[in-house]
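The residues making up each chain are set out below.
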Amino acid sequence: MGKSIKERIKESVSDVEKDIVDISKEQRGGIKKEYKDIEKIRHHKELIYYKTDALAIVSRKLGGFDEFLKIVDELTREGYWMMNSEDVKNILANFGISAPGQNRGTLYYFQNKKYIN
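Throughout this document, residue positions are counted from 1 along each chain, in the order its sequence is written. Reporting in this predicted model follows two pLDDT cut-offs: at least 70 for local features of residues, and 80 or more for side-chain atom pairs to be given and counted; totals over whole chains, interfaces and linings ignore these cut-offs and use all residues. Based on all heavy atoms of the structure, the side-chain values leave hydrogens and waters out of the count.

Caption draft 1: The overall build of the protein, seen in detail. Secondary structure follows DSSP: runs of H or I at least 4 residues long count as helices, runs of E at least 2 residues long count as strands, and numbering of each begins at the N terminus. Counting secondary structure elements, the protein contains 2 helices and 4 strands. The helix and strand sequence of the protein, counted from the amino end, reads α-β-β-α-β-β. With a 1.4 Å probe rolled over the protein chains alone, any residue whose accessible area is under 20% of its type maximum counts as buried; one over 50% counts as exposed, and the rest are partly exposed. Burial analysis of the protein (117 residues in total) assigns 21% to the buried set. We call two residues contacting when some pair of their heavy atoms lies within 4.5 Å. Here the contacts in the protein between residues at least 6 apart in sequence split such that 60% fall between residues at least 24 apart. Total accessible area computed for the protein in this model is approximately 9,000 Å², and 54% of it derives from carbon and sulfur atoms. Here the accessible surface of atoms and residues is derived via Shrake-Rupley with a 1.4 Å probe, and residues count as covered only by protein chains that are part of the display.

Caption draft 2: Geometry of the packing of aromatic side chains. Only centres within 6.5 Å qualify two rings of Phe, Tyr or Trp (six-membered ring in Trp) as a pair; their planes then separate them into stacked at under 30 degrees, edge-to-face at over 60, and tilted for everything else. Inspection of the entire model under this criterion finds 1 aromatic pair. Aromatic side chains Phe-68 and Tyr-108 sit 4.8 Å apart centroid to centroid with 45° between the ring planes, which places their arrangement in the tilted category. Taken together, the positions of Phe-68 in helix H2 (residues 65-77) and Tyr-108 in strand S4 (residues 103-112) put the pair 40 residues apart, joining distant regions of the chain. Judged by relative accessible area, Phe-68 falls into the buried class, the value being 7%. Residue class for Tyr-108 comes out buried when judged on its relative accessible area of 15%. Charge-over-ring placement is defined geometrically: NZ (Lys) or CZ (Arg) within 6 Å of the ring centre, and within 35 degrees of the ring normal. One residue, Arg-60, lies across the ring of Phe-68, its end atom 5.6 Å from the ring centre.

Next up, the structure:
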């Protein structure tokens, strides 16, 4: 005879618990990697974090507005356009949830207009 409803429910709950544990481990690993990337950017001395002929990524930390404007002016004169920006948050402080006031700065993504279709 087959399993009882109670046994099938127990197995289903157990499967869900295993899935939750696996997802949690995966997310924790992703958060740790993201934290390492953020720290690498945060400790980078120059405002231009990455630059090629086609792409430039500028990190603007809190403060330093004049220096940031000089970099943006320089990139614009070289033919780069700002395409996107994203806030850099302290993700570990709140277990991956950034609260207001957790901003570490902003990343600005520039693309050279030669490579924009």
